[in-house]
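Residues per chain, in single letters:
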Amino acid sequence: MKNQVKTQQDQDNTIGVWSMAFSMYELTVPVLQQGLGNLAGCLAKASAHCKDNNIQESALLNFRFYPDMYPYVQQVQTAADTAIMAASRLAGEEPALLPQEETDFAGLIARVEDARAKLKAIQPEQLAGSESKSISFTAMNTYRISFKNGADYLQKFILPNFYFHCTTAYDMLRHNGLPLGKRDFIGDFGADMAPL
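A few points on the structure.

What counts, and where the lines are drawn
Residues numbered from 1 in each chain as written. Predicted model: local features only at pLDDT ≥ 70, side-chain atom pairs only at ≥ 80, totals over all residues. Heavy atoms only, no water. Helix = DSSP H or I, 4+ residues; strand = E, 2+ residues; numbered from the N terminus. Polar contact = N/O pair within 3.5 Å; in protein donor to acceptor, adjacent residues only side chain to side chain. Contact = heavy atoms within 4.5 Å. Expected span 1.5 Å × (residues − 1). Patch = residues over 30% accessible without salt bridge, like charges linked within 9 Å, V, L, I, M, F, W, Y side chains within 5 Å. Areas by Shrake-Rupley, 256 points an atom, 1.4 Å probe, with all protein chains shown as cover. Salt bridge = Lys/Arg side-chain N within 4 Å of Asp/Glu carboxyl O. 1 Å grid on protein atoms, 1.4 Å probe; cavity = no way out; pocket = protein on both sides within 12 Å on 5 of 7 lines; lining within 4 Å. Points joined across faces, edges and corners; volume = space filled by probe spheres on them. Nonpolar A, V, L, I, M, F, W, Y, C, P; charged D, E, K, R; others polar.

### What to know about the side chain of threonine 28
Moving on, step 1. Along the polypeptide, threonine 28 turns up in helix H2 (residues 24–52).
Moving on, step 2. Reaching out from threonine 28, the side chain makes a polar contact with the backbone oxygen of methionine 24 at a distance of 2.7 Å.
Moving on, step 3. Residue contacts for threonine 28: discarding those within four places in its chain leaves Leu90, Leu127 and Leu154.

### Re H2
Moving on, step 1. The end-to-end C-alpha separation of H2 is 42 Å, in line with the 42 Å expected for 29 residues at 1.5 Å each.
Moving on, step 2. Immediately downstream of H2, the backbone of asparagine 54 shows phi near 50°, a positive value.

### Some details on a nonpolar patch on the surface
Moving on, step 1. Side chains of Ile186, Phe189 and Met193 sit close together on the surface and give an oily, nonpolar patch of about 300 Å² of accessible area.
Moving on, step 2. On the secondary structure map, phenylalanine 189 appears in the segment after helix H8 (182–186).

### Re the layout of surface pockets
Moving on, step 1. Volume-wise, the largest pocket comes out at about 700 Å³.
Moving on, step 2. Met85, Arg89, Phe137, Thr138 and Ala139 are, among the 29 residues lining the largest pocket, the residues nearest its centre.
Moving on, step 3. If you list the elements that add at least two residues to the lining of the largest pocket, you get helix H4 (72–90), strand E3 (135–139), strand E4 (143–147) and helix H7 (150–175).
Moving on, step 4. Class assignment for the residues of the lining of the largest pocket results in 13 nonpolar, 11 polar and five charged.
Moving on, step 5. By volume, the second largest pocket is sized at about 150 Å³.
Moving on, step 6. Only H2, H7 and H8 provide two or more residues apiece to the lining of the second largest pocket.
Moving on, step 7. With seven residues, H2 is the single largest residue contributor to the lining of the second largest pocket.

Okay, here's the thing in structure tokens:
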């Protein structure tokens, strides 16, 4: 089933009626796959930066912006886990998460690639109809979180949460001097670009 995304033109009917349809799969799996791929690229650059500049990886992995914030390593772990939880729960499955035991960039890259592989295994039909399915789960052994439908779960919780942790991880690396740019975060944005 496709979600109908109505435009202002649909509502005003002044220029003509048109609409675009996206499936829950299209709004979930490719989006998270791209974000994880870009995150893996930043991790590879961080690993190389440490080697080239004789920096202990632990200095970056344990870096925090503030004492009550997750360290870098946990920002990456949470981004990867969020992607797995999204696709799994929308598919009606229990997320298969890895223990959070990584102590180096190689381990974090492997974790992100594991998440990408799990997303790749999800088929479009597994998410069909999930936009109207209720989603409920326990978070941090503290809260019971319930969404009336999968569309709210994806749009109001998963995507903001995923990008929060990806952005924080990127910002931590930039703060510590890594030569990253916006393209490292965004990646291939699907457009042809050439100098004027």
